[in-house]
Amino acid sequence: MVDIEDCISWNTVYNNWRDYFYSLHNEEAKNAFNSFFDLQRFCSDESPTLGMPLALAISKSNGEYEVVMGLHTCEQLLDFLQERIPHVEPPSLSNLSPTTYKILERFEATSSSIFQRYQQKAKKKNKSQAKLREAKELSELGRELIHAQKHIFFSIDIEAYELDHSILLEIGWSLYDARANKFLDQHYAIDTYKHLTNGRYVEDQRDKFTFGPTVWCSLKQAFKELRKDLDWAVKRDGGFVLVGHGIDSDIKYLKDQKFLWPKADGSDTLNVEEAAKVATLNTDVIYGASINNLHNPPSLGTTLSILKVDTWNLHNAGNDAHYTLLLLLKLVE
């Protein structure tokens, strides 16, 4: 049975009373307050607050995780505080409004480490919730951009040499023109490293591009062709939408190789965040938002399999770029 109770958060109590005692400009009262709430003293054998009943809970109003106490416990705490600082008028409980919480776990403040553990639990859960909210906002942004039918979506994928990630063997990109509802796929294999192949740790699918011919050329030439397509999107629409599944690694590969992104003013930049980029859509994050779990996102292939999207020859840079765009469309449909 789920316990739903009206409680007051520890942080609300502490901050409200701290502001009150600090506003008195009474150094003795201020020091006594700090001493009372020092966790080592608060949970010591000599303190009447040892073993105070608390709980980890989630607010029904805003979804925030908090360490909370019941109103009766709060009243007792104020009595103990008044005993410690008898010469000062105590703060009023009327300034503390109970909020409805779902109780997740009850505990007693029998040591500072136990108290801090639950405070960290609440902090960690709130951080996860914030990331999930951001992920859902990203998902909604992707949906809006696709449905607006105004932009070109660029998915870029790079296959590096498994024994030396500074060596790029392939670069592929897929364009989805939302205006025309058309795909354009490119796959470039770097001829400088034709003698190097993956296969020990990563599948070698370099010769199995499914969506057109593979072009063998230098990395410089491949970057030149990528830049042409990006420039076209910027010229037509004023910017492009960048898409990837775990795209940070691909962006780092490009930065390490000094790839220059186009800016809206016609200049260049090594920093993709300064480029003429409308948004960056991480499909691994958007998928995590769809299942309310951002922990350990599955690979591109696994995600596509979960969503029953048939694939062919993954780990080819051009194919991966194409399937990443298909995944985006599937996620926001």
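As the structure is a computational prediction, the values presented were derived from the model and not from experiment.

(A) Broad picture of the overall build of the protein chain. In terms of regular secondary structure, the protein chain is built from 10 helices and 12 strands. Compactness check: the protein chain gives a C-alpha radius of gyration of 28 Å against a globular reference of 20 Å for 333 residues, more than 25% above the reference. The C-alpha extent of the protein chain, read off along each of the three principal axes, is 85 × 45 × 35 Å. Sorting the 333 residues of the protein chain into buried and exposed places 46% on the buried side. Residue pairs in contact within the protein chain that sit at least 24 positions apart in sequence constitute 71% of those at least 6 positions apart. A total of about 17,400 Å² of accessible surface is found on the protein chain, and carbon and sulfur atoms cover 47% of it.

(B) Region of the structure containing the pattern of salt bridges. The final tally for this structure, using the stated rule, is 15 salt bridges. When the shortest N-O distance is used, the salt bridge between lysine 228 and glutamate 225 registers 3.5 Å. A residue pair is termed a helical-turn pair when its members lie 3 or 4 positions apart in one helix, as lysine 228 and glutamate 225 do in helix H6 (residues 219–237) at three residues. On the accessibility criterion, glutamate 225 (17% relative accessible area) is buried. The partner of lysine 252 in a salt bridge is aspartate 256, and the shortest N-O contact between them spans 2.9 Å. Linking lysine 252 with aspartate 256, this pair stays in helix H7 (residues 247–256), spanning four residues, or about one helical turn. A residue is classified by how much of its surface remains accessible, and aspartate 256, at 46% relative accessible area, is partly exposed. Each of Asp177, Arg179, Arg236 and Asp237 takes part in a single network of salt bridges with overlapping partners.

(C) Geometry of the sheet that holds strand E5 (residues 152–161). Reading across the sheet, the six strands line up as E8-E7-E6-E5-E9-E12 and stay open at both edges, with mixed pairing between neighbours. The open sheet has two edge strands, strand E8 (215–217) and strand E12 (277–282), and neither has a second partner. Mean inter-strand twist for the sheet, computed between neighbouring axes without regard to direction, equals 25°. Where strand E6 (residues 164–177) lies against strand E7 (residues 182–190), eight bridges are found, and the strand directions are antiparallel. When the sheet's bridge partners are listed, tyrosine 176 is paired in E7 with phenylalanine 183.

(D) Quick look at the packing of aromatic side chains. Considering all chains together, one arrives at 22 aromatic pairs under this definition. Considering the side-chain rings of tryptophan 10 and phenylalanine 42, the 5.3 Å spacing of their centres and the 90° angle between planes classify their relative orientation as edge-to-face. Of this pair, tryptophan 10 sits in helix H1 (residues 10–23) while phenylalanine 42 sits in helix H3 (residues 39–42), placing them 32 residues apart in sequence. Assessed through its relative accessible area of 0%, phenylalanine 42 is described here as buried. Measuring from ring centre to ring centre gives 6.3 Å for phenylalanine 209 and phenylalanine 211, while their planes differ by 70°; the resulting arrangement is edge-to-face. Grouping aromatic residues by their ring pairs yields a cluster made of Trp10, Tyr14, Trp17, Tyr20, Phe21, Phe33, Phe36, Phe37, Phe42 and Phe115. Taking NZ or CZ as reference, lysine 30 lies 4.7 Å from the ring centre of tyrosine 22, over its face.

(E) Examining the environment of valine 13 more closely. Mapped onto the elements of the fold, valine 13 is located in helix H1. We classify valine 13 as buried; its relative accessible area is 1%. Remark: the alpha-carbon pair of valine 13 and valine 68, spanning 55 residues in sequence, is separated by 9.3 Å. Ignoring sequence-local partners within four residues, the contact set of valine 13 consists of Ile8, Met69, Cys74, Leu77 and Leu96.

(F) The arrangement of the nonpolar core in detail. Among the nonpolar cores identified, the biggest contains 32 residues, and Trp10, Trp17, Leu54 and Leu77 are the most heavily contacted of them. Mapped by element, the contributors of at least two residues to this core are H1, helix H2 (27–36), H3, strand E2 (52–59), strand E3 (65–70), helix H4 (71–84), strand E4 (99–109) and helix H5 (112–148). In contact with leucine 77, other than residues within four places in its own chain, are Val13, Trp17, Phe36, Phe37, Phe42, Thr49, Met52 and Met69. By size, the runner-up hydrophobic cluster in this structure holds 30 residues, among which are Phe154, Phe223, Val234 and Ala275.

(G) Looking closely at the side chain of threonine 283. One can find threonine 283 in helix H8 (residues 283–290). When its relative accessible area of 0% is taken as the criterion, threonine 283 is described as buried. Side-chain polar atoms of threonine 283 contact the side chain of histidine 245, separated by 2.8 Å. Not counting chain neighbours up to four residues away, the residues in contact with threonine 283 comprise Val243, Gly244, His245, Thr324, Leu327, Leu328 and Leu331.

How each quantity is defined
- For every chain, the first residue of the written sequence is number 1, and numbering continues from 1 onward in sequence order.
- In keeping with the predicted nature of the model, local features appear solely for residues at pLDDT of at least 70, side-chain atom pairs appear and are counted solely at 80 or more, and the whole-chain, interface and lining totals rest on all residues.
- Side-chain calculation: all heavy atoms of the structure are included, whereas hydrogens and water are not.
- Secondary structure elements are taken from DSSP: a helix is a run of H or I of four residues or more, a strand is a run of E of two residues or more, and numbering for both begins at the N terminus.
- Every radius of gyration here is taken over C-alpha atoms, with the globule rule written as 2.2 Å times N^0.38, N being the number of residues.
- The buried label goes to any residue with under 20% of its type's maximum accessible area, the exposed label to any with over 50%, and the partly exposed label to all in between, with areas taken from a 1.4 Å probe on protein chains only.
- We call two residues contacting when some pair of their heavy atoms lies within 4.5 Å.
- Using the Shrake-Rupley algorithm and a 1.4 Å probe, accessible areas are obtained, with residue cover drawn only from the displayed protein chains.
- Salt bridge, as used here, is a side-chain nitrogen of Lys or Arg placed within 4 Å of a carboxyl oxygen of Asp or Glu.
- Strand pairing is defined by DSSP finding a minimum of two bridges between the two strands.
- To get an axis, fit a line to the C-alpha atoms, keeping to the stretch in contact for a helix; angles then go from 0 to 180 degrees between the N-to-C directions.
- Pairing of aromatic side chains requires ring centres within 6.5 Å, counting the rings of Phe and Tyr and the six-membered ring of Trp. Pairs whose planes differ by under 30 degrees are stacked, by over 60 edge-to-face, and all others tilted.
- Lysine and arginine charges are scored as sitting over a ring when NZ or CZ, respectively, is within 6 Å of the ring centre and within 35 degrees of the ring normal.
- Buried Ala, Val, Leu, Ile, Met, Phe, Trp, Tyr and Cys residues form a nonpolar core when they are joined through side-chain atoms within 4.5 Å.
- Polar contacts, as counted here, are pairs of nitrogen or oxygen atoms within 3.5 Å of one another; within protein the pair requires one atom able to donate a hydrogen and one able to accept it, and residues that are adjacent in sequence qualify only if both atoms are side-chain atoms.

Purely geometric numbers; function is a separate question.
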